[in-house]
Amino acid sequence: MSTAMIFVGLILSTILATASNSWLLAWLCLELNTLSILPFISKTKHPRAIEAATKYFLTQATASCLLLLAGTSNAWLTGTWDMTQMSNKLTSTTMLIALTMKMGTVPTHFWLPEVLQGSTLLTALLISTWQKIAPMSLLFIMSNNIQPTFTLTLGLLSTTFGGWGGMNQTQLRKMMAYSSIANMGWTVITLTHEPKASMINIFTYIILTTPTFLLMALTSTKTLQNMTTMWSTSPLATTTMALLLLSTAGLPPLTGFLPKLIIMNELVTQNLTLLATMTMMTSLLTLSFYLRTTYLTTLLNPPSSATSATKWRQKMIKNKTMILLPTATTSTFMMPALIP
């Protein structure tokens with residue numbers, strides 16, 4: 001019962017923050033959102049989980065302090081808490097830093113890999129997807145008042161550090177965390193020029209990441225070593241996992257390529273061809289570790305070429321698999337077909 005109430009609070013706080021028009025109400029909803037996710041992070045009672053919950057709380061509390069400072073300063077200068085009245089550069093920049101800290105972009109990204117690694121796969125799914133909706137919606141509302149140079153710099157740094165950070169990872173949750181950082185870079189980089197493209201990118205990422213984490217949880221896969229023997233559990237789920245990873249990396253003609261194409265087109269339209277080229281080059285870093293993971297998933301078939309012993313896993317439940325796989329397959333393939 002208590003878990004259900006906490007989950008309802010998590011959902012309602014995000015909806016209210018998204019629908020609010022006042023910085024004070026948005027701050028209250030984000031605080032409720034933070035307090036609602038903490039029991040899920042620390043539920044396992046493991047030292048790593050407690051550490052992850054502490055890091056998450058401290059980071060989100062710092063971001064909330066910055067958000068309240070920016071909102072209060074803006075209310076003092078303009079006489080209103082209205083989100084659309086952010087004409088002061090200092091307050092809008094402070095608000096941008098606070099919201100990007102909540103989502104995990106460079107340079108305030110260091111908490112995300114550690115928190116995901118200390119959480120369960122389903123909790124990591126919530127942090128990587130649902131927890132980004134409210135801050136991203138607030139950024140969308142104030143996108144007209146954000147300094148373009150600042151967002152372009154944050155976006156390029158996030159795509160670069162996200163790609164480099166995921167190169168050496170053997171833990172899938174940390175790899176997905178750095179992938180999230182890189183994807184947030186793609187989202188932020190075009191926020192001031194074409195905020196709708198940013199929203200398309202973040203929601204496409206959520207659609208692709210959700211079945212990826214669910215498949216990892218369903219097959220008890222947490223490391224690259226586990227991926228080498230995943231084929232023996234369910235070949236169909238393994239193939240779908242590989243396609244989801246490649247789609248998240250932005251490999252055409254899969255779904256993940258569509259928002260990146262839109263963002264590149266917008267950057268070139270704004271005469272930012274050099275920045276567009278640099279961003280595309282950094283996406284190759286993300287593609288490299290996703291290709292490595294895909295190779296371990298689909299091209300190493302035990303027992304002949306496995307690099308590790310087969311991990312004991314629970315028996316796959318066919319009903320769950322049959323529900324999950326069509327959703328994952330649809331999200332991977334069908335969206336490019338919508339392009340006119």
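None of the values given here were measured: they were computed from a predicted structure.

1. Here's the deal with the pattern of salt bridges
As enumerated under the stated definition, the model contains 3 salt bridges in all. With its nearest N and O atoms 2.8 Å apart, the salt bridge here joins Glu51 to Lys55. With Glu51 and Lys55 both in helix H3 (residues 47-78) and 4 residues apart, the pair spans about one turn of that helix. Here Glu51 falls in the partly exposed class, since its relative accessible area comes to 35%. Connected through shared salt-bridge partners, Glu51, Lys55, Glu114 and Lys174 make up one network.

2. Remarks on the UniProt feature "transmembrane region" (unreviewed entry) in the chain
In the UniProt entry, the feature "transmembrane region" (unreviewed entry) is given for residues 57-78, 90-112, 146-164, 199-218, 230-252 and 272-291. The span residues 272-291 carries 95% helix and 0% strand; its end-to-end C-alpha distance comes to 29 Å.

3. Quick look at the packing of helix H10 (residues 195-218) against helix H13 (residues 257-269)
In a packed pair of helices, the relevant descriptors are the angle between the two axes and the axis-to-axis distance. Across the interface, H10 lies against H13 with an axial gap of 9 Å and an inter-helix angle of 160°. The orientation of H10 relative to H13 falls into the category roughly antiparallel. Crossing hand, H10 versus H13: left-handed. Contact residues: H10 offers Ala197, Ile200, Asn201 and Thr204, while H13 offers Pro259, Ile262 and Ile263. Considered class by class, the residues forming the contact of H10 with H13 number 5 nonpolar, 2 polar and no charged.

4. Digging into the side chain of Asn183
Take Asn183: it is sitting in helix H9 (residues 172-189). Discounting chain neighbours no more than four positions away, the residues touching Asn183 are Asn201, Ile202, Tyr205 and Lys260.

5. Section: the packing of aromatic side chains
When we look at a pair of aromatic rings, we describe it by the centre distance and by the angle of the planes. Summed over all chains, the structure comprises 3 aromatic pairs. Arranged with centres 5.6 Å apart and planes meeting at 70°, the rings of Tyr56 and Trp111 form a pair that is edge-to-face. Placement of the pair is Tyr56 in helix H3 and Trp111 in helix H5 (residues 111-117), with a sequence separation of 55 residues. Exposure class is identical for Tyr56 and Trp111. Each is buried. Consider the rings of Phe289 and Tyr290, whose centres lie 5.1 Å apart with planes at 40°: the pair is tilted. In this structure Phe289 comes out as buried when scored by relative accessible area, which is 1%. Exposure remark for Tyr290: the relative accessible area of 0% places this residue in the buried category. One Lys or Arg, Lys260, reaches over the ring of Trp186 and ends 5.3 Å from the middle of that ring.

6. Some remarks on a nonpolar patch on the surface
Taken together, the side chains of Val8, Leu12, Ile15 and Leu16 define a hydrophobic patch exposed on the protein surface, amounting to about 350 Å² of accessible area. Mapped onto the elements, Val8 comes out in helix H1 (residues 2-19).

7. Here we look at H13
Relative to the 18 Å expected for 13 residues at 1.5 Å per residue, H13 spans 18 Å between its end C-alpha atoms, a close match to the ideal helical length. Restricting attention to buried positions, one finds in H13 the residues Leu258, Pro259, Lys260, Ile263, Met264, Glu266 and Leu267. Where H13 is buried, its residues meet helix H8 (148-165), H9, H10, helix H12 (235-249) and helix H14 (273-298).

8. Observations concerning the side chain of Glu266
Among the secondary structure elements, Glu266 is positioned in helix H13. No salt bridge is formed by the buried Glu266; the nearest opposite charge belongs to Lys196, separated by 11 Å. Not counting the four nearest positions on each side in its chain, Glu266 is found in contact with Thr190, His193 and Glu194.

9. Comments concerning the nonpolar core
Counting residues in each nonpolar core, the largest one holds 40 residues, and the members touching the most others are Ile37, Ile41, Tyr56 and Ile127. Of all the elements, H9 adds the most residues to this core, at 6 residues. Two domains each provide a minimum of three residues to this core, namely domain 1 (23-143) and domain 2 (147-303 + 316-339). If we ignore the near neighbours within four places in the chain, the residues touching Ile37 are Leu10, Tyr56, Leu126, Ile127 and Gln131. By size, the runner-up hydrophobic cluster in this structure holds 29 residues, among which are Ala70, Leu99, Ile133 and Ile202.

Cut-offs applied
Residues numbered from 1 in each chain as written. Predicted model: local features only at pLDDT ≥ 70, side-chain atom pairs only at ≥ 80, totals over all residues. Heavy atoms only, no water. Salt bridge = Lys/Arg side-chain N within 4 Å of Asp/Glu carboxyl O. Helix = DSSP H or I, 4+ residues; strand = E, 2+ residues; numbered from the N terminus. Buried < 20%, exposed > 50% of the residue type's maximum accessible area, 1.4 Å probe, protein only. UniProt positions renumbered as here; feature names shortened; annotations may be inferred. Axes fitted to C-alpha atoms, helices over the stretch in contact; angles between N-to-C directions. Parallel < 35°, antiparallel > 145°, perpendicular 65-115°, else oblique. Left-handed = near helix turned anticlockwise from the far one by under 90°. Contact = heavy atoms within 4.5 Å. Nonpolar A, V, L, I, M, F, W, Y, C, P; charged D, E, K, R; others polar. Phe/Tyr/Trp six-rings, centres within 6.5 Å; stacked < 30°, edge-to-face > 60°. Lys NZ or Arg CZ within 6 Å of the ring centre and 35° of its normal. Patch = residues over 30% accessible without salt bridge, like charges linked within 9 Å, V, L, I, M, F, W, Y side chains within 5 Å. Areas by Shrake-Rupley, 256 points an atom, 1.4 Å probe, with all protein chains shown as cover. Expected span 1.5 Å × (residues − 1). Lys, Arg positive; Asp, Glu negative; His and termini not counted. Core = buried A, V, L, I, M, F, W, Y, C linked by side-chain atoms within 4.5 Å. Domains from an automatic or database assignment.

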